Amino acid sequence: MLKVVSCVSGRWAVFTGLPGNRLLSAKILRASGPSCQKLGLRCAPSEIPQMPSCNFSPEEYKGMSKARMIEIRKQNCNPMTMKVTYYKKPVFIHQGYMQYLWDVDGTRYLDMFAGVATVGVGHCHPKVNAAAEKQLKKLWHTTLIYVYPTLHEYCEKLASYFPDPLQVVFLTNSGSEANELAMFMARLYTGNFDIITFRGSYHGGSPMTMGLTSNAAYKYPVANGLGCTNTMCPDVFRGPWGGKHCRDSPVQTTRECSCAQGHCEANEQYIKQLKETLATSVPPRIAAFFAEPIQGVGGAVQYPKNYLKEAYKLVRERGGICIADEV
């Protein structure tokens, strides 16, 4: 049995078939915020792309049963994993190699999720494996109290990719920790407190960053993230405004667009929403504006051309720091 997972124009496609790439049926999932609406669809075999061949053979799975894994997941694992799962029937992953994943039954998947967009070069890439093994044989961990050459080489190389004046690297253990640090630094540097983020955003699940996050699946009925205000996400695909020439991406909304060349009415409308938030919901001086350059958990949202450039200008006029939360 073979399955292919793909994403085109905001729609997730899951193709299912039998060995030999003889695919029989397909389900098209149209993205709609954090969740998806499922639509059944029958396609002729010739219309469905086939899985490419692969010369890698995964190890045979001999571990615990699926039922036992689900039992442990419910009793011993973070309940958040059950709350935000995207599958009615979970995928039981066993092994990965490059762009592919295999489940415990030996089914192969084309992985377009990439470990929540963090496995940028594929699973178990030979060059990455070799570098990791070399380092683990030399030193596992030390602290910045000591001067370790490899760590400083990494910081220098990472900083070399940033535009001026960005040149200082803070190494942290997670995205939530990095964003908490960014919140703290912005407030300390500006002397201001309020921070603005987009609706539909995800910036972490810690008590402080939960205020930045604007996604119901990750919210709890406790006080958190004081001083955080959400503004409308400039989503040209599902928001109130948008046309088929709004974005820099070849993947566009199907909406008609009557804007003149170089002019974007949707961008103007979303900027007006940000201006309204700045005028009514926060003090005249703010600490920061957080935005994912492409919103992830909220549905792979890309904003209108020039939106962030104009938004950053408005934020800086009010004393705020502009923070790009990029995975």
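Residues numbered from 1 in each chain as written. Predicted model: local features only at pLDDT ≥ 70, side-chain atom pairs only at ≥ 80, totals over all residues. Heavy atoms only, no water.

If you look the chain up in an unreviewed UniProt entry, it shows as Alanine--glyoxylate aminotransferase 2, mitochondrial from Xenoophorus captivus. Under the UniProt heading Subcellular location (unreviewed entry), the note attached to the chain is "Mitochondrion". (UniProt positions renumbered as here; feature names shortened; annotations may be inferred.)

**A short note on the overall build of the chain**
Assigned secondary structure in the chain consists of eight helices and eleven strands. Here the chain holds 327 residues, and the buried ones make up 34% of them. Long-range contacts, defined here as pairs at least 24 residues apart, represent 56% of the contacts in the chain between residues at least 6 apart. For the chain, the exposed surface amounts to about 20,700 Å²; the carbon and sulfur share of it is 58%. (Helix = DSSP H or I, 4+ residues; strand = E, 2+ residues; numbered from the N terminus. Buried < 20%, exposed > 50% of the residue type's maximum accessible area, 1.4 Å probe, protein only. Contact = heavy atoms within 4.5 Å. Areas by Shrake-Rupley, 256 points an atom, 1.4 Å probe, with all protein chains shown as cover.)

**Observations concerning the sheet that holds strand E11 (residues 321-324)**
Overall, parallel pairing links the four strands, which are arranged E9-E8-E10-E11 in an open sheet. Every interior strand has two partners, whereas the edge strands, strand E9 (228-231) and E11, have only one. Taking each pair of neighbouring strands and ignoring which way they run, the sheet shows an average axis angle of 25 degrees. Sheet topology note: the strand E8 (residues 195-198)/strand E10 (residues 288-291) ladder contains two bridges and is parallel. Looking across to E10, one finds that Ile 195 is bridged to Ala 288. Its contacts with the sheet put helix H6 (residues 175-190) on E8, E9, E10 and E11, and the angle it makes with E11 is roughly 170 degrees. Against the sheet, helix H7 (residues 265-280) makes contact with E8 and E9, and its axis sits at roughly 150 degrees relative to E9, the strand it touches most. (Pairing = 2+ DSSP bridges. Axes fitted to C-alpha atoms, helices over the stretch in contact; angles between N-to-C directions.)

**Examining a nonpolar patch on the surface**
Where nonpolar side chains cluster on the molecular surface, the patch consists of Val 168, Phe 170, Phe 184, Met 185 and Leu 188 and spans about 560 Å² of accessible area. Among the secondary structure elements, Met 185 is positioned in helix H6. For Met 185, a relative accessible area of 35% gives the class partly exposed. (Patch = residues over 30% accessible without salt bridge, like charges linked within 9 Å, V, L, I, M, F, W, Y side chains within 5 Å. Salt bridge = Lys/Arg side-chain N within 4 Å of Asp/Glu carboxyl O.)

**Some thoughts on the nonpolar core**
By size, the foremost hydrophobic cluster in this structure holds 25 residues, and its most contacted members are Phe 289 and Tyr 307. Counting only elements with at least two residues in this core, the list comes to E8, H7, E10 and helix H8 (307-317). With six residues, the top contributor of residues to this core is H8. Not counting residues up to four positions away in its chain, the partners in contact with Phe 289 are Ile 196, Phe 198, Leu 308, Ala 311, Tyr 312, Val 315, Ile 321, Cys 322 and Ile 323. (Core = buried A, V, L, I, M, F, W, Y, C linked by side-chain atoms within 4.5 Å.)

**A look at the pattern of salt bridges**
This structure, assessed with the given rule, holds seven salt bridges. Across the pair Arg 68 and Glu 71 runs a salt bridge whose closest N-O atoms are separated by 3.2 Å. With Arg 68 and Glu 71 both in helix H1 (residues 66-75), this residue pair falls three residues apart, about one helical turn. Residue Glu 256 is joined to Lys 244 by a salt bridge in which the shortest nitrogen-to-oxygen separation is 3.7 Å. Taken together, the residues Glu 256 in the loop between E9 and H7 and Lys 244 in the loop between E9 and H7 connect sequence positions twelve residues apart. Connected through shared salt-bridge partners, Lys 313, Glu 317 and Arg 318 make up one network.

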